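This is what each chain is made of:
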Amino acid sequence: GFEGYGFAACPWVTVVVVWCQAIFLTSIWLQKHYHTLPNQKQQQSTTNPSKILSAWTRGITLERIRTFSALYYPAALATSSDFWRMGVIGE
């Protein structure tokens, strides 16, 4: 039976996947950039730059920070304790 290509295929697969991802994301950006309505383009070009940061951070709320922290910090501490334990024990 077929046993695969082994390690020799890993670099090629990585390069192909990275290029496909870059092409895919660029095509999505170009589609969004060039297919907006003319009045939206005018509105975007006249937007005050100081309002851009507030538009990006509008979704950050205390409730979301608490939810993120409740999920992130226990996972980060568990991972770091595993690395510490492996470093001390050596297994």
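Residues numbered from 1 in each chain as written. Predicted model: local features only at pLDDT ≥ 70, side-chain atom pairs only at ≥ 80, totals over all residues. Heavy atoms only, no water.

For the protein, the helix and strand inventory stands at 4 helices and 0 strands. Beginning at the N terminus, the succession of helices and strands in the protein can be written as α-α-α-α. Summing over all exposed atoms, the protein offers an accessible surface of approximately 8,800 Å²; the carbon and sulfur share of this is 67%. (Helix = DSSP H or I, 4+ residues; strand = E, 2+ residues; numbered from the N terminus. Areas by Shrake-Rupley, 256 points an atom, 1.4 Å probe, with all protein chains shown as cover.)

As a further point, take the packing of aromatic side chains. Throughout the structure, instances matching the rule amount to 2 aromatic pairs. Ring plane angle 75 degrees and centroid distance 5.1 Å describe the contact between Tyr72 and Tyr73, whose orientation is recorded as edge-to-face. On the basis of relative accessibility, which here comes to 42%, the residue Tyr72 falls in the partly exposed class. Ring pairing ties together the aromatic residues Phe68, Tyr72 and Tyr73, which thus form one cluster. (Phe/Tyr/Trp six-rings, centres within 6.5 Å; stacked < 30°, edge-to-face > 60°. Buried < 20%, exposed > 50% of the residue type's maximum accessible area, 1.4 Å probe, protein only.)

Quick look at the confidence of the model for the protein now. In this model, the protein carries a mean pLDDT of 80, and residues with pLDDT of at least 70 account for 77%. No element of the protein has a lower mean pLDDT than helix 2 (residues 38-45), at 57, and none a higher one than helix 1 (residues 10-34), at 89. (pLDDT = per-residue confidence, 0-100.)

The subject of this paragraph is helix 4 (residues 62-89). When the terminal C-alpha atoms of helix 4 are compared, their 39 Å separation across 28 residues agrees well with the 40 Å that a helix rising 1.5 Å per residue should span. Its axis deflected by about 30 degrees at Ser69, helix 4 carries its strongest bend there. (Expected span 1.5 Å × (residues − 1). Bend = angle between axes of the 7 residues up to and from the residue.)

Judged by side-chain polarity, Val15, Trp19 and Ile23 come together as a nonpolar surface patch covering roughly 350 Å² of accessible area. The topology assignment puts Trp19 in helix 1. (Patch = residues over 30% accessible without salt bridge, like charges linked within 9 Å, V, L, I, M, F, W, Y side chains within 5 Å. Salt bridge = Lys/Arg side-chain N within 4 Å of Asp/Glu carboxyl O.)

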